[in-house]
Amino acid sequence: MAPAVLPLLLLIVATAVLIGLLVFRPGLTASKGGKILAFFVLFLLPLICLGMGTDYHIGRSESTTFCLSCHEMQPFGRSLTVDDPGHLAAAHFQYHRVPADEACYTCHTNYAMFGTLRAKMHGLKHVYVHYLGTPPAPAAIRLYDPFNNRECLHCHLGARSFEEGAVHNADPDLLPAVKTNKLSCLSSGCHETVHNVGALDKEKFWKGVP
Amino acid sequence: MTFSADPLERRLQLSGILLILGLLVEAFCLFWTQPIAFVLFIGVGGLLLGLGILLFLLTLVSKHQPHH
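Residues numbered from 1 in each chain as written. Chains lettered and ligands numbered in written order. Predicted model: local features only at pLDDT ≥ 70, side-chain atom pairs only at ≥ 80, totals over all residues.

Asks: Describe the overall build of chain B, naming the residues involved and giving the relevant values.
Replies: Looking only at helices and strands, chain B features 2 helices and 0 strands. For 68 residues, the compact-globule estimate of 2.2 N^0.38 gives 11 Å, and the C-alpha radius of gyration of chain B, at 15 Å, exceeds that figure by more than 25%. Considering only C-alpha atoms, chain B reaches an extent of 50 × 25 × 10 Å along its principal axes. Every one of the 68 residues in chain B was classed for burial, and the buried ones make up 37%. When contacts within chain B are restricted to residue pairs at least 6 apart in sequence, long-range pairs at least 24 apart make up 62% of them. (Helix = DSSP H or I, 4+ residues; strand = E, 2+ residues; numbered from the N terminus. Rg over C-alpha atoms; globule rule 2.2 N^0.38 Å. Buried ≥ 20, exposed ≤ 12 C-beta atoms within 10 Å, placed from the backbone. Contact = placed C-beta atoms within 7 Å.)

Asks: Lay out helix α2 (residues 32-60) of chain A with the relevant residues and their values.
Replies: Between its terminal C-alpha atoms α2(A) stretches 41 Å, which fits the 42 Å expected from 29 residues at 1.5 Å a residue. The largest bend along α2(A) measures about 30° and falls at Phe40(A). The set of residues buried in α2(A) consists of Ala38(A), Val41(A), Leu42(A), Leu45(A), Pro46(A), Cys49(A), Leu50(A), Gly53(A), Tyr56(A) and His57(A). The inward-facing, buried residues of α2(A) abut α1 (5-24) of chain A together with α1 (7-30) and α2 (36-61) of chain B. (Expected span 1.5 Å × (residues − 1). Bend = angle between axes of the 7 residues up to and from the residue.)

Asks: Talk me through the interface of chain A and chain B; I want residue IDs and the actual numbers.
Replies: Contacts between the two partners involve 31 residues from chain A, matched on the other side by 27 residues from chain B. It is α1(A) that provides the largest number of residues to the side of chain A that touches chain B, a total of 11 residues.

Asks: Would you mind going over the domain arrangement of chain A in detail, with residue names and values included?
Replies: Partitioning chain A into domains gives domain 1 (5-60) and domain 2 (64-147 + 186-202). With centres defined by C-alpha atoms, the gap from domain 1 of chain A to domain 2 of chain A works out at 39 Å. (Domains from an automatic or database assignment.)

Asks: Give a description of the packing of α2(A) against α1(B) that names residues and reports values.
Replies: Where α2(A) contacts α1(B), the axes come no closer than 11 Å and their chain directions differ by 20°. One finds that α2(A) runs roughly parallel with respect to α1(B). The chirality of how α2(A) crosses α1(B) is left-handed. Between α2(A) and α1(B), the contacting residues are Ala38(A), Leu42(A), Pro46(A), Cys49(A), Gly53(A) and Tyr56(A) on the first element and Leu12(B), Ser15(B), Gly16(B), Leu19(B), Gly22(B), Leu23(B), Glu26(B) and Leu30(B) on the second. (Axes fitted to C-alpha atoms, helices over the stretch in contact; angles between N-to-C directions. Parallel < 35°, antiparallel > 145°, perpendicular 65-115°, else oblique. Left-handed = near helix turned anticlockwise from the far one by under 90°.)

Asks: With reference to specific residues and values, describe the nonpolar core.
Replies: One finds Ile19(A), Leu22(A), Val41(A), Leu42(A), Leu19(B) and Leu23(B) to be the most contacted residues of the largest nonpolar core, which totals 26 residues. Counting residues per element, the ones that place at least two in this core are α1 and α2 of chain A together with α1 and α2 of chain B. The element contributing the most residues to this core is α2(B), with 8 residues. Apart from residues lying up to four places away in sequence, Leu42(A) is in contact with Ile19(A), Leu22(A), Leu12(B), Ser15(B), Gly16(B), Leu19(B) and Phe56(B). Counting residues in each nonpolar core, the second largest holds 12 residues, with Cys67(A), Met73(A), Ala90(A) and Phe93(A) among its members. (Core = buried A, V, L, I, M, F, W, Y, C linked by C-beta atoms within 7 Å.)

Asks: Go over the packing of α1(A) against α2(A), please, and point to the residues and values.
Replies: Residues and elements named next belong to chain A. Look at α1 against α2: their axes get within 10 Å of each other, and the N-to-C directions meet at 155°. It follows from the interaxial angle that α1 and α2 lie roughly antiparallel. The handedness of the crossing between α1 and α2 is left-handed. Of the residues in α2, those touching α1 at Val5, Leu8, Leu11, Ile12, Thr15, Leu18, Ile19 and Leu22 are Ala38, Val41, Leu42, Leu45, Pro46, Ile48, Cys49, Met52, Gly53 and Tyr56. The residue inventory of the contact of α1 with α2, partitioned by class, reads 16 nonpolar, 2 polar and no charged. (Nonpolar A, V, L, I, M, F, W, Y, C, P; charged D, E, K, R; others polar.)

Asks: Describe the environment of Glu203(A), and please don't skip the residues or the numbers.
Replies: Among the structural elements, Glu203(A) can be located in the segment after α11 (174-179). Taking the C-alpha atoms as reference, Glu203(A) lies 9.7 Å from Thr81(A); in sequence the two are 122 residues apart.

Asks: Break down unusual backbone geometry for me, citing the residues and quoting the values.
Replies: Residue and element names in this part refer to chain A. The phi dihedral of Phe114 falls on the positive side, at around 65°, and the residue is not glycine. Locating Phe114 in the fold gives a position in the loop between α6 (103-108) and α7 (115-132). On the neighbour-count criterion, Phe114 (10 C-beta atoms within 10 Å) is exposed. The residue Asn181 is not glycine, and still its phi comes out positive at about 65°.

Below, the structure is given as structure tokens:
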């Protein structure tokens, strides 16, 4: 979740005003108090602004609206409102199995060490392709790697509906295979309809909460 | 605004100008919701802030020759 913008903006403005004071009256730094002021406004406060700004942008980049702000992603956003619980992404979004305001990031980040960093590097590549490359058609967009069950199990592992589900327990070998990523949740034929953006024109859509 | 005749103060002024430019870019990027805003924030704002801070630190360790 992106932190509030107002405190950061106030800090930026206050820092800029103080720096402006030193730029227009550099003689202030001759005194001991002026030297301390210079250390704060030319070193410490800009560093804090940079850190808070980075935190703000990284937080914002995890929001659903951020991901859907590129037109290539809009069909994927539309797929979240398909009125069919058999559509995995739509069901997760509409039933709040993932936070609605961080729906894309929750499933598409990588819950391993440096997963967030990896997701951000992919994001930078997407920005590059969007502005300087040739973006593929939405229906032709594919994941970099097959979806790892680890990302599903991050939430579902240990959940009663997952562990005691009738279908999951119909075959005693199924759950161990899923938990060790030998059997994919998605491509095994069980939960394979995810976004299905190539066939959205045939779907009905949920209008959402008024 | 006029630049100081003292080399140390002039470097501090230059550092301040770089920092203000970096902060302006940062403030602008806060209100720009496109993903390119993050690239601009780091690539331009971060660079200007980094240069400003570096110039300030270099000024601290440089030998001060007062202007006569």
